[in-house]
Each structure stands twice: as structure tokens, then as C-alpha cells.
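Coordinate analysis (summary)
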Amino acid sequence: MSLIGRDIKWFNPFGPIVVHSTISEELHNLLLSRADSLRDGTHPNIGSFNKQTNDYRQRLAGCLSEEYSYEGIFTKDEDKIIVEELTWLASKYTELANQVGKIKKAGIRKPEEIILQRPLWVNYMKAGEWNPSHNHSGEISCVTYLRVPKEIEEENKTSEHSSKSNTPSAGRIEFQFGNVGMPYSAGGFIRTPKVRDIYFFPAALSHQVYPFKADTERVSVSCNFSDGPKARDTLKAIGEQL
């Protein structure tokens, strides 16, 4: 039996698209410095907001002790940097998803056609904390990583509880879709975050973050995007404007 002379192809026609990239050092430093200044009370405008006013935990699924919105924190110039880079990356997500051919009732969007939902929020994740399976609002979501201590990945490689597992997952993010138990099929996609990594995915896609035991802290930022043309069509139908 031989494959010689046979035409053999593989297809992966189902499921959502997850895209990985990196954010610029400028955006990374801006997001981290502003989050830390909110947290420690050194932001120049700390009188108008603080850790209590920007506590975002009741709006989020995470079982974390510190999650803050970025509401009111950025200057106009800083906000422009954030919007331009994130909507540009989200636009690239739509391009790549269309190249794969899995987009239905959506298309390639220019950066100016993508609406960054407010506020962005920052997650300070400590030992024993986790994010249960959940999804987001909007059409597209992303998560980027500002601080990722090496102790978390070392836990996966050397600890008794993770190193012997066939699925070491301390501190890792998993995207979930479909029938997990189906033969020749994957229902989960686990990633190990690194500093400045950013992942884009459909907002409705379920995902979760596993806890770690290392005595350290990881910092990530998440946000959502709306499809501008779709939002305008919806508002037009009810007599309003965007």
C-alpha cells in the first residue's frame, strides 16, 4: 500500500480563530505604569479615582482579589496610542481570519471600523486565584500580558503537582470550543503567556485561566471590540447614530 500517486489533503474547516501577536514596548510600558500608579496611589490624577472607585471585580468572572478598570486614567495622547495600536491589531485579526476562510457574516475591517469598548481592565493574579470558564461582550476580545514571572512556568516544569501531569497548566490560559471527547478532535487550546504576548479571539469563545501556586503575581490586561459597521446598522434601524 502506498500514497504515491494519491492526492491527500487535510482540512480544519470548523471552529473559531485565535491569533497571537505582541504589543509594542510603548504600549506595554504605558499599560503597566498606569495600572501600577492606580494601584499604589501615585497617579497624578489619583484624586479623581482610586483603587476603590476603579474596582472592577463585580463586572468580571475572575476569582481575583485585584481587578481594576482603566476608566479615567489615560490622557488624550495616551488614549490615542492605545486605540491606534489595539484597533490596528484587531483589524489584522479580521484579515487573518478571512484568509483561513472561517468567517461567516463578517468581513475584513479597517482599524477605523473597529470600536474599542471601554473600559479596558487590568488583572493582578496571585497564587491560588483563577478565572473560571467565561466569555466576553462585543465581537472580538483580546488579552495581553504585562508581567509574567518565570516562577509560574518553572512550576509547570519542576513541581510535583504539575511536572508529572500530561496537561501541566499552572497559570496557563485555555480556549475551549466543541466536543472535548470527540476522537480526532481538540476541544481546548492551552497557551503559556509571555510578556507582551497578545491573543485575539471571538468574544463569545469560552476561555479560562488556571491557578498557580508560586508565591508571585502576574499582570494581564483585557478588552473587547465592537464591529463598527454592524453597530451603525443596528443604531440606524432604531433611529439613532453612532
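Residues numbered from 1 in each chain as written. Predicted model: local features only at pLDDT ≥ 70, side-chain atom pairs only at ≥ 80, totals over all residues. Heavy atoms only, no water.

**Focus: the overall build of the protein**
Here is the rule we go by: A run of DSSP states H or I qualifies as a helix once it reaches four residues; a run of E qualifies as a strand once it reaches two. Both are numbered from the N-terminal end. A simple rule labels every residue: compare its accessible area, found with a 1.4 Å probe on the protein chains alone, to the largest value its type can have, and call it buried under 20%, exposed over 50%, or partly exposed in between. Throughout, a contact is declared for two residues whenever any of their heavy atoms are within 4.5 Å. To measure how exposed things are, a 1.4 Å probe is used in the Shrake-Rupley method; for residues, cover is taken only from the protein chains shown. The convention is simple: Lys and Arg are positive, Asp and Glu are negative, and His and the chain ends are not counted. Where a charge lies is defined by one atom per residue type, namely NZ (Lys), CZ (Arg), CG (Asp) and CD (Glu).
In terms of helices and strands, the protein carries 5 helices and 11 strands. The dimensions of the protein, computed from C-alpha atoms along their principal axes, are 75 × 55 × 30 Å. Residues classed as buried in the protein amount to 42% of the 242 residues present. When contacts within the protein are restricted to residue pairs at least 6 apart in sequence, long-range pairs at least 24 apart make up 78% of them. Carbon and sulfur atoms make up 52% of the accessible area of the protein, which totals about 14,100 Å². Seen as two clouds, the 30 positive and the 31 negative side-chain charges of the protein have centres 6 Å apart.

**Some words on the state of the cysteines**
Cut-off, in case you're wondering: Cysteine sulfur atoms that come within 2.5 Å of each other are treated as a disulfide pair.
Inspection of the entire model under this criterion finds 0 disulfides. No disulfide involves C142; its sulfur sits 3.3 Å from that of C223, the nearest cysteine.

**A word on the environment of A204**
With respect to the helices, strands and loops of the structure, A204 is situated in the loop between β9 (197–202) and β10 (206–209). In this structure A204 comes out as exposed when scored by relative accessible area, which is 58%. Between the alpha carbons of A204 and H134 there is a distance of 8.5 Å; along the sequence they are 70 residues apart. In this view, A204 contacts N135 and H136; residues no more than four positions away in its chain are not counted.

**Quick look at the nonpolar core**
For clarity, the threshold we go by: What makes a nonpolar core is a set of buried Ala, Val, Leu, Ile, Met, Phe, Trp, Tyr and Cys residues whose side-chain atoms join them at distances within 4.5 Å.
Ranked by internal contacts, the top residues of the largest apolar core, which has 34 residues, are Y70, I82, L86, L120, F200 and F225. Listing elements by their share of this core, those giving two or more residues are α1 (25–40), α2 (76–100), β3 (114–116), β4 (121–126), β6 (140–147), β9 and β11 (217–227). When sequence neighbours within four positions are dropped, the list of residues in contact with L86 reads L27, L116, L120, I198, F200, C223 and F225. One finds V143, Y145, F175 and L205 within the second-largest nonpolar core, a separate group that totals 14 residues.

**So, the pairing of β9**
Defined as follows: Two strands qualify as a pair provided that DSSP identifies no fewer than 2 bridges between them.
With 5 of 6 residues buried, β9 lies mostly within the body of the structure. Where strand β1 (residues 19–22) meets β9, 4 bridges bridge the pair, whose relative direction is antiparallel. Bridge pairing links T22 to D197 in β9. Here β6 pairs with β9 via 5 bridges, running antiparallel. Across the sheet, residue I140 finds its bridge partner in β9, namely P202.

**Here we look at the packing of aromatic side chains**
So the rule is basically this: Whether two aromatic rings pair depends on their centres lying within 6.5 Å, for rings of Phe, Tyr and Trp, where Trp uses its six-membered ring; planes under 30 degrees apart make the pair stacked, over 60 edge-to-face, and the rest tilted. In this scheme, the term charge over a ring applies when either NZ of a lysine or CZ of an arginine sits within 6 Å of the ring centre and within 35 degrees of the ring normal.
The full count for this structure, using the stated rule, is 8 aromatic pairs. Put simply, the rings of F175, F189, Y199 and F201 touch in pairs and so form one group of aromatic residues. Its end group placed over the ring of Y124, R39 keeps NZ or CZ at 3.9 Å from the ring centre.

**Section: the pattern of salt bridges**
Quick note on the threshold: One side-chain nitrogen of Lys or Arg within 4 Å of one carboxyl oxygen of Asp or Glu is enough to make a salt bridge.
By the definition in use, this model includes 13 salt bridges. Across the salt bridge formed by R39 and E66, the nearest N and O atoms sit 2.6 Å from each other. With R39 in helix α1 and E66 in strand β2 (residues 66–69), this pair connects stretches of sequence that are 27 residues apart. On the accessibility criterion, R39 (22% relative accessible area) is partly exposed. Classification of E66 by relative accessible area gives buried; the value is 10%. Of the charged contacts in the structure, one is a salt bridge between E95 and K92, with a shortest N-O distance of 3.7 Å.

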